[in-house]
Amino acid sequence: MSAEGGRGAARFVFRALPQKSFSCLQDRDIADRLLKWSMQGRITAQAFSFDQQFKPYQKDEFLMAFFNDQSVISSLKLLSSSGQWTTLGSKVTKIEATVVPCTQISMSFFDRLYSEGVVRETGTIVKCYDDYYDDILISDELRKVLLLEDSDHYDLFTQLDHEEFLFCLFKHFCIGGTLCQFEDAVDPYLETTKAFYKDLVSVQKNPETKEIRIISTVFRVSAYDANGLCYPSSKSHQQTFAYLIVDPCKRHVNILYHCFGGSLFTN
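Analysis parameters
- Residues numbered from 1 in each chain as written.
- Predicted model: local features only at pLDDT ≥ 70, side-chain atom pairs only at ≥ 80, totals over all residues.
- Heavy atoms only, no water.
- Helix = DSSP H or I, 4+ residues; strand = E, 2+ residues; numbered from the N terminus.
- Expected span 1.5 Å × (residues − 1).
- Buried < 20%, exposed > 50% of the residue type's maximum accessible area, 1.4 Å probe, protein only.
- Polar contact = N/O pair within 3.5 Å; in protein donor to acceptor, adjacent residues only side chain to side chain.
- Axes fitted to C-alpha atoms, helices over the stretch in contact; angles between N-to-C directions.
- Parallel < 35°, antiparallel > 145°, perpendicular 65-115°, else oblique.
- Left-handed = near helix turned anticlockwise from the far one by under 90°.
- Contact = heavy atoms within 4.5 Å.
- Nonpolar A, V, L, I, M, F, W, Y, C, P; charged D, E, K, R; others polar.
- Salt bridge = Lys/Arg side-chain N within 4 Å of Asp/Glu carboxyl O.
- Pairing = 2+ DSSP bridges.
- Core = buried A, V, L, I, M, F, W, Y, C linked by side-chain atoms within 4.5 Å.

Engineer: So what's going on with unusual backbone geometry? Residues and values would help.
Structural biologist: Here the amide bond leading from Y231 into P232 is cis, since omega sits at 10°, within 30 degrees of zero. Tracing the backbone shows P232 in the loop between β12 (228–231) and β13 (241–247). In this structure, R251 is a non-glycine residue whose phi angle is positive, near 60°.

Engineer: Any chance you could break down helix α7 (residues 187–200) for me, citing the residues and the numbers?
Structural biologist: Helix length check: α7, at 14 residues, gives a terminal C-alpha distance of 20 Å against a target of 20 Å (1.5 Å per residue), a fit within 8%. Along α7, the residues classified as buried are P188, Y189, L190, T192, T193, F196, Y197 and L200.

Engineer: Could you give me a rundown of the side chain of S38, with the residues and numbers involved?
Structural biologist: Its place among the elements puts S38 in the loop between α1 (28–36) and β3 (43–50). Side-chain polar atoms of S38 contact the backbone nitrogen of L179, separated by 3.2 Å. A polar contact is formed between the side chain of S38 and the backbone oxygen of G261, at a distance of 3.2 Å.

Engineer: Describe the environment of S236, naming the residues involved and giving the relevant values.
Structural biologist: Along the polypeptide, S236 turns up in the loop between β12 and β13. A residue is classified by how much of its surface remains accessible, and S236, at 69% relative accessible area, is exposed. Distance in space between the C-alpha atoms of S236 and C259 is 9.4 Å, their sequence separation being 23 residues.

Engineer: Give me the packing of helix α6 (residues 165–175) against α7: which residues, what numbers.
Structural biologist: Two packed helices can be described by the angle between their axes and the distance between those axes. As a packed pair, α6 and α7 sit with axes 9 Å apart at the nearest point and diverge in direction by 135°. Classified by the angle between their axes, α6 and α7 sit oblique to one another. Both α6 and α7 take part in a crossing whose hand is right-handed. Between α6 and α7, the contacting residues are F165, L166, L169, F170, F173 and C174 on the first element and Y189, L190, T192, T193, F196, Y197 and L200 on the second. Residues of the contact of α6 with α7, tallied by class, amount to eleven nonpolar, two polar and no charged.

Engineer: Any details on the pattern of salt bridges? Residues and values, ideally.
Structural biologist: Under the criterion given, the structure shown has eight salt bridges. We note a salt bridge from R33 to E191, for which the minimum N-O separation is 2.7 Å. Within this pair, whereas R33 is found in helix α1, its partner E191 is found in helix α7, the two being separated by 158 residues in sequence. Given the relative accessible area of 15%, R33 is considered buried. The closest approach of N and O atoms between K144 and E141, which form a salt bridge, is 3.6 Å. A residue pair is termed a helical-turn pair when its members lie 3 or 4 positions apart in one helix, as K144 and E141 do in helix α4 (residues 141–147) at three residues. Overall, the relative accessible area of 23% leaves K144 in the partly exposed class.

Engineer: So what's going on with the pairing of strand β7 (residues 127–133)? Residues and values would help.
Structural biologist: Successive side chains on a regular strand alternate, one facing one side of the sheet and the next facing the other. Strand direction decides the pairing type here: β7 and strand β8 (residues 136–140), joined by four bridges, are antiparallel. For D131, the partnering residue across the bridge sits in β8 and is I138. The antiparallel pairing of β7 with β8 creates a hairpin that spans two residues between the two strands, and D134 there sits at a positive phi of about 50°.

Engineer: Hey, could you go over the pairing of strand β11 (residues 217–225) for me, with residue numbers and the actual values?
Structural biologist: A large share of β11 lies buried, amounting to seven of its nine residues. Here seven bridges tie strand β6 (residues 94–100) to β11, and the two strands are oriented antiparallel to one another. Residue T98 lies in a different strand from β11, and its bridge partner there is R220. Two strands pair when backbone bridges link them, and β11 and β13 are joined in this way by four bridges, in the antiparallel orientation. Bridging from a neighbouring strand, T217 pairs with V246 of β13. Between β11 and the antiparallel strand that follows it, β12, lie two residues.

Engineer: Account for the nonpolar core, with residues named and values stated.
Structural biologist: Among the nonpolar cores identified, the biggest contains 52 residues, and L113, L142, F165, F170 and F196 are the most heavily contacted of them. Mapped onto this core, the elements with two or more residues apiece are α1, β3, β8, α4, α6, α7 and β13. No other element matches α6, which puts nine residues into this core. Ignoring sequence-local partners within four residues, the contact set of F196 consists of C24, L25, I30, L34, I43, L169, F173 and L256. Counting residues in each nonpolar core, the second largest holds 32 residues, with L63, L78, L79 and V92 among its members.

Set out below in structure tokens:
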């Protein structure tokens, strides 16, 4: 669904929160993995606050206000075509946003990988003959599950499972960047996914039932200016992404951004 133009109603106002840190991006082990996966220096997370109550049905209005807020325009990071970090800097005229389901509260979501010949009990990923999907090398059963709809194990996860934010993160880390060195074991992918998910998503505990539920709303977004697609990049790729994760209680927006390419050493 896309949003265009502006409306007469009072707009959401945003403020950058540069002091907000994300421990997943400060962890040395994760930094080493991201470098190995050709994502280091091409991935970042930022936070913004906003000033009004947010309801999911306000998606279009909220996102258009976000991308045209002066604080966002001057501080929202993206990688230029030359591989330099820059900021949005231009007026957005159209936004395409997909609501990403975000309901999973446990990594047991991935336990099924161990029971169907994708990952051995030891955590080792089962290898297969090399294949390619959109220039992405597939050399093990895990990437088959993630990418090939006609693979034997693709149905381990339902279509809704494939759309879950937790699954999307896991898939992004497994596929990596241009020069990704794949892991032999699944644990580094699971640990990294858990760290990012925990940092980005907000939960609430029901005081009566003690049940934990996720209160964040997640969008995968693309933005256009007068020249066409401008964010997360002018070139579209399944591994180039921007997720906006909205916490309606704190009135915070977390952004997870990655631009597909070779690893950069500085962020």
